[in-house]
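Examining the three-dimensional arrangement
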Amino acid sequence: MQNINQTLGQYSELFMLLAALAYTAAFLAFTWDLVKSSRRIREMEAGLAETAEERQLVLAGAVAGGKRGKSAGALQGSTADDAMDYQGEKRSAARIAVALTVLAAAVHAVAVVSRGVAAGRVPWGNMYEFCTTGGLVVAVVFLLVLTRKDLRFLGTFVIGLVVVMLCAATIGFPTPVANLVPALQSYWLIIHVSVAVAASALFTLTFAMSVLQLLQASRVARLAAGGGDRMPFMRLVPSALSLENLSYRINAIAFVLWTFTLMAGAIWAEKAWGRYWGWDTKEVWTFVIWVVYAGYLHARATRGWTGTRAAWLSIVGYLCIVFNFTIVNIYFSGLHSYAGV
Amino acid sequence: MAAKDRGDNVALPALGFLGTLRWMWTQLTSMRTALFLLLLLAVAAVPGSLFPQRPANPAVVTQYIRDNPETGPILDWFQLFDVYSSVWFSAIYLLLFISLIGCVIPRAIAHGRAWRSKPPRTPSRLSRMPVHGSFALPSGSDSQSGGQAGGRPTSPHAAVVDAAALLKKRGYRVDVRDEQGSQPSVGAERGFLKELGNLVFHLSLIGVLVSVAVGGLFGYRGQKIVVEGETFVNTLVGYDSFTPGTNFSEDNLDPYSITLEKFDVTFDRQLTHYGQPIDFTATMSTKTAPGAEPEQRILKVNEPLTIGGTSVYLVGNGYAPVVTVRDGDGNIAHQGPVVSIPQDGLFTSLMVLKVPDARPEQLGFVGFFLPTAAIDENGVSFSRDPDPFLPQLNLNSYYGDLGLDDGEPQNVYVLDTDTLTELNSRNSEAGGIVLDAGETFELPEGKGSITFDGLRRYAALDITHDPAELGALVFSSLALAGLSASLFIGRRRVWIRAASGPDGRVTVEYGLLARGEDHRLAGEGAAIEKLLRERWLADTIEHDENETAHVGASAPGSGKDN
Ligand code: HEM
């Protein structure tokens, strides 16, 4: 048995705290960006309202329907680009936020890796480690997607969630570095859990996007009905349809990963307990999540179920993931209850 | 007139018996029903995680019903303790799979036909396609030598043939039509694997279900506790408990034997997780048949041992104190290890010993085995460590009729003390039996004595045989592959038509249509146009003449099938 390096473990915990601080700063910067940009857009629109021609020019492409009323500000549903590609305009707050996220993720990575080294194994063997490693994967996946698509409007949401995960780990489930109990000593732990964490990270992104999609859809409906804009920051967010399409693409990848998680879990269960499926609590919930997302994919191909209803299914699926990870791990007994709470 | 006819039809209520059946079938196999059943399946699976389930934990269910005499039987009536074999859960998934078959078979047939047929005819107006564009070639043939292979086509026919070759290279199936006419065109299609993947995925789900069912029919599963030095022989009587599949016959058992030579446990001795187990290793000596050569093998958690068509798993372990009991007549009534059940991480273990051979009175003992005995401030004994540093027995003793003689099976780990008379106990004034290793305790009233001779460990084994496991693995892998193909391959059609304009120039028009979800459709349109332009227009720069109209694909599932 590997000897545990407690000193390194303590450094890891220190780095974890530093990462949490940096994420918090990034979270604030993302929020600042939303506030600032929406204020700037409003000022811009106020100026534009004076010269109708100019307004025409800037709004071209941004306004979907042609109806124009008294004020430009009330009508314009979104200034964001629906393809979610980077635009020329400078958003210094967002840049700072991304830079802080990169810094935080780097420190976070050091923390996670040093924890793994301290324990001499993969750093996902108990709740503390699921939360911290999972948070890192969420942040890294988010940064990777950012290199291709401008999803900075999701930053507040996603990085906020990472902060929550790190807080949950350090406050809720503090666990010193330790060896794995025999039930977890298997290379299937590496395969099964890492893919599950990657899938969950992607589902986290689509959850955030589905929530924004619902907000955007109801906001646009309200604007179309002549109501006021209660969520001006949503201007930075692309249209509901493009959110739906991108989240569908990400959900499709995540669903394949989740299917693999399910299969790998079954193979591991066969190795450990002599049956590949036994409806253990954790297995039940993994199955429920799988079926809900299969329902989501079906909904996208069923008339009358695309759009809002599909978004709700995606949200329900994610809530099941959160439930599976928290309530089931902590309160439900079953073969899987070695999560080290 | 037509409208009136239709109105009459709707008003007619009688569909007839066959008509009703057909209507029900159409409803069952609709996407909406499939979605509904899927969501219902998700909801129906949840109660199985809220209530204890009989297959996994029969004792807990019995206890639950006893603790909740009001609600328990009602829940039981609704099969909430057997969710996954309940009528309602089975009904949902069977309906879902019937729907699936009804949905997939026609699609498979249609897809087989599509595979053999030519790409669909060219629509008359390509500008109606979700992605389309057009451009004109400059008049005259390629004057400079910079042109690419084949050069610039001078006739619509040549342009279409050239375009067909290009599409073929991109993996499309192509069909050139109206070659000699005024508006020749090429129809192209790709992505058949998408639909195939979808079909394979859905059919494999049936395969998985069938494998699970076959495993349930022909498999079996048994439990056996083996103390160090003991041997298990794979026969029905060899098992402590045995769950056969519906079609099981005793001949299926291969009479191999395994002996537990040694069981080693390592506990963590570093401060933070002191006493947590980090390794269990069972050293086994196995014989594939009664007369065969023994072979030494290692069994660990997560590393099952396969022998005689079965897999043997290490699922538990504990201590078996070796005890000798002499009865009131002075004869040895029991001698050997007694399996004790660990109650906590420190291996404080519950121990029950029934001695039916004791005379004149049968004897019974209940209490705890403590690997490292200690006494807390209230004078209660407890175990301080999972390793046996100071092993001790703390027992109460009883005498009377154990009730074993009427042949009714009893749980060996439970002693029903109601019908027995207490000899001594922790609660009585004299105290219970406290035995360190090697010590003997004389029972009161001359009923006999008990000696704690030594200590062994035991391993709890699960032994299973599932002939359909491989099938389940193959089908689920197929499902995964099919799913990936279905989700990540784009299925689309491309048409390119060429014509001679009034000024004699060749104009090229193209349109693309996705079947199902395809976010890359617009990109594919742009790529094809770019390739054609590079091929035909490399030597000319005609920005204004070649204005192109791109329209990006927007709505999901915009596939308008012909
Ligand atoms: C056991 C239950 C089922 C599960 C778990 C399931 C799962 C899925 C999944 C994950 C997809 C998306 C991936 C793909 O396109 O291949 C899908 C697509 C599809 N399923 Fe199912 N399905 C089930 C039953 C059914 C049934 C009963 C029907 C027919 C009524 C059906 C019809 C379809 C169709 C038509 C698609 C393609 C949708 C598209 O074009 O995007 N499925 N299914």
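Residues numbered from 1 in each chain as written. Chains lettered and ligands numbered in written order. Predicted model: local features only at pLDDT ≥ 70, side-chain atom pairs only at ≥ 80, totals over all residues. Heavy atoms only, no water.

Looking now at the overall build of chain B. When helices and strands are tallied, chain B shows 11 helices and 24 strands. The globule rule puts the C-alpha radius of gyration for 562 residues at 24 Å, and the 39 Å found for chain B is more than 25% above it. Oriented by its inertia axes, the alpha-carbon framework of chain B measures out at about 125 × 70 × 55 Å. In chain B, which comprises 562 residues, the proportion classed as buried is 45%. Long-range pairs, those at least 24 residues apart, make up 64% of the contacts in chain B between residues at least 6 apart in sequence. Positive and negative charge centroids in chain B, built from 47 and 64 side chains respectively, lie 19 Å apart. (Helix = DSSP H or I, 4+ residues; strand = E, 2+ residues; numbered from the N terminus. Rg over C-alpha atoms; globule rule 2.2 N^0.38 Å. Buried < 20%, exposed > 50% of the residue type's maximum accessible area, 1.4 Å probe, protein only. Contact = heavy atoms within 4.5 Å. Lys, Arg positive; Asp, Glu negative; His and termini not counted. Charge placed at Lys NZ, Arg CZ, Asp CG, Glu CD.)

The next thing to look at is the nonpolar core. In terms of nonpolar packing, the biggest core is built from 129 residues, with Y23, F142, L151, L154 and V288 of chain A touching the most fellow members. With near-sequence residues (within four places) excluded, V288 of chain A lies in contact with C320 of chain A together with A42, A45 and V46 of chain B. One finds A333, L353, F369 and A459 of chain B within the second-largest nonpolar core, a separate group that totals 46 residues. (Core = buried A, V, L, I, M, F, W, Y, C linked by side-chain atoms within 4.5 Å.)

Contacts between chain B and chain A engage 52 residues on the former and 57 residues on the latter. Carbon and sulfur atoms make up 67% of the surface buried where chain B meets chain A, a total of about 4,500 Å² over both sides. In terms of surface lost to chain A, no three residues of chain B exceed L35, I278 and N302 of chain B, which account for 14% of the buried area on that side. The tally of links from chain B across to chain A stands at zero salt bridges. Summed over the shared surface of chain B and chain A, the result is six residue pairs in polar contact (both at pLDDT 80 or more). Sorting the residues of the side of chain B that touches chain A by element identifies α3 (31-45), α4 (47-50), α9 (192-218), β8 (277-287), β11 (310-326), β22 (449-465) and α10 (469-488) of chain B as the ones contributing at least two each. Ranked by residues supplied to the side of chain B that touches chain A, first place goes to α10 of chain B with 10 residues. Broken down by class, the residue content of the side of chain B that touches chain A amounts to 29 nonpolar, 14 polar and nine charged. (Buried area = accessible area lost by both parts, 1.4 Å probe. Salt bridge = Lys/Arg side-chain N within 4 Å of Asp/Glu carboxyl O. Polar contact = N/O pair within 3.5 Å; in protein donor to acceptor, adjacent residues only side chain to side chain. Nonpolar A, V, L, I, M, F, W, Y, C, P; charged D, E, K, R; others polar.)

Take the coordination of the iron atom of the ligand next. Distances from the iron atom of the ligand to its protein donors, H298 of chain A (NE2) and H202 of chain B (NE2), fall within 1.9 to 2.0 Å. In this structure, the iron atom of the ligand is surrounded by six donor atoms whose angles at the metal cover 79 to 178°, and the resulting shape is octahedral. Here H298 of chain A is found in helix α9 (residues 281-299), whereas its partner H202 of chain B is found in helix α9 on a different chain. Summarising the burial analysis for this pair, H298 of chain A and H202 of chain B share the class buried. (Donors = N, O, S within 2.8 Å, 3.2 Å for Na, K, Ca; no water. Tetrahedral: all angles 85-135°; square planar, octahedral: opposite > 155°, others 65-115°.)

It is worth spelling out the packing of helix α5 (residues 127-148) of chain A against helix α6 (residues 155-172) of chain A at this point. Residues and elements named next belong to chain A. At a minimum axis separation of 8 Å, α5 and α6 run at an interaxial angle of 165°. When the axis of α5 is compared with that of α6, the two are roughly antiparallel. Both α5 and α6 take part in a crossing whose hand is left-handed. Listed contacts from α6 to Y128, C131, T132, G134, G135, V138, A139 and F142 of α5 are G155, V158, I159, V162, M165, L166, A169 and T170. Residues that form the contact of α5 with α6 fall into these classes: 11 nonpolar, five polar and no charged. (Axes fitted to C-alpha atoms, helices over the stretch in contact; angles between N-to-C directions. Parallel < 35°, antiparallel > 145°, perpendicular 65-115°, else oblique. Left-handed = near helix turned anticlockwise from the far one by under 90°.)

Turning our eyes to something else, we now look at the environment of N5 of chain A. All names here are of chain A. For N5, the location among the structural elements is in the segment before α1 (6-50). The partly exposed category is assigned to N5, whose relative accessible area is 36%. Residues N5 and N179, 174 residues apart in the sequence, show an inter-C-alpha distance of 11 Å.

Here the focus is α10 of chain B. The end-to-end C-alpha separation of α10 of chain B is 29 Å, in line with the 28 Å expected for 20 residues at 1.5 Å each. Residues A472, S476, A479, L480, G482, L483, A485, S486 and L487 of chain B constitute the buried set of α10 of chain B. Buried residues along α10 of chain B sit against α8 (240-273) and α9 of chain A together with α9 of chain B. (Expected span 1.5 Å × (residues − 1).)

Moving on, we come to the sheet that holds strand β3 (residues 185-190) of chain B. All names here are of chain B. Pairing in this open sheet of five strands is antiparallel, and the strands run β1-β24-β23-β3-β2 from one edge to the other. Strands with a single pairing partner mark the edges of an open sheet, and in this sheet they are β1 (131-136) and β2 (173-177). For this sheet, the mean angle separating the axes of adjacent strands, direction not counted, is 15°. Both β3 and strand β23 (residues 492-500) contribute to a ladder of six bridges, which runs antiparallel. Across the sheet, residue G187 finds its bridge partner in β23, namely W495. Those strands touched by helix α8 (residues 156-169) are β2, β3, β23 and β24 (506-514), and its axis lies near 160° from that of β23. (Pairing = 2+ DSSP bridges.)

This next bit is on the site of the ligand. Residues in contact with the ligand amount to 23 residues; listed here are only the nearest, H298 of chain A together with C103, R107, H202 and S486 of chain B. Near the ligand, the surrounding residues belong to chains A and B. Side-chain polar atom of H202 of chain B to a nitrogen atom of the ligand: 2.8 Å apart, as the coordinates give it. Tallying contributions element by element places helix α7 (residues 87-116) of chain B first for the shell around the ligand, with six residues. Residues belonging to the shell around the ligand are distributed by class as follows: 15 nonpolar, seven polar and one charged. (Near = heavy atom within 4 Å.)

Attention shifts here to α3 of chain B. With 15 residues, α3 of chain B extends 21 Å from end C-alpha to end C-alpha; this agrees with the ideal 21 Å at 1.5 Å per step. Where α3 of chain B is concerned, the buried positions are T33, A34, L35, L37, L38, L39, L41, A42, A44 and A45 of chain B. Looking at the packing, one finds that the buried side of α3 of chain B touches α9 and α10 (308-331) of chain A together with α2 (16-28), α4 and α7 of chain B.

All names here are of chain A. Note that T286 resides in helix α9. At 2.8 Å, the side chain of T286 forms a polar contact with the backbone oxygen of K282. The contacts of T286, once residues within four sequence positions are left out, are W258, L262 and N324.

Here the focus is the pattern of salt bridges. If charged atoms from side chains of opposite charge come close, those side chains can pair. All names here are of chain A. Counting across every chain of the model gives 27 salt bridges over all chains. For E13, the salt bridge goes to R115, with nearest N and O atoms at 3.8 Å. Taken together, the residues span a long stretch of sequence, with E13 in helix α1 and R115 in helix α4 (residues 92-119) at a distance of 102 residues. E13 gets classed as partly exposed once you look at its relative accessible area, which sits at 30%. Judged by its relative accessible area of 1%, R115 is buried. A salt bridge links R300 to E244, with the shortest nitrogen-to-oxygen separation between them at 2.3 Å. One end of the pair, R300, is in the loop between α9 and α10; the other, E244, is in helix α8, and 56 residues separate them in sequence. Accessibility expressed as a relative area gives 3% for R300, which makes it buried. Via salt bridges that share partners, E13, R115, R121 and E129 belong to a single interconnected network.

What follows covers the packing of aromatic side chains. All names here are of chain A. As enumerated under the stated definition, the model contains 33 aromatic pairs over all chains in all. Residues F203 and Y293 carry aromatic rings whose centres are separated by 3.9 Å and whose planes lie at 15° to one another, so their mutual orientation is stacked. Taken together, the positions of F203 in helix α7 (residues 187-224) and Y293 in helix α9 put the pair 90 residues apart, joining distant regions of the chain. Take F203: its relative accessible area is 0%, and that puts it in the buried class. (Phe/Tyr/Trp six-rings, centres within 6.5 Å; stacked < 30°, edge-to-face > 60°.)

The next thing to look at is unusual backbone geometry. All names here are of chain B. Residue P360 is reached from R359 by a cis peptide bond, and omega for that bond is 0°. The phi dihedral of F347 falls on the positive side, at around 60°, and the residue is not glycine. Here F347 shows up in the loop between β13 (341-342) and β14 (349-355). With relative accessibility at 8%, the residue F347 sits in the buried group. We note that E445 has phi near 60°; this positive angle belongs to a residue other than glycine. For E445, the location among the structural elements is in the loop between β21 (440-442) and β22.

Everything listed here is a matter of geometry and, on its own, says nothing about what the molecule does.
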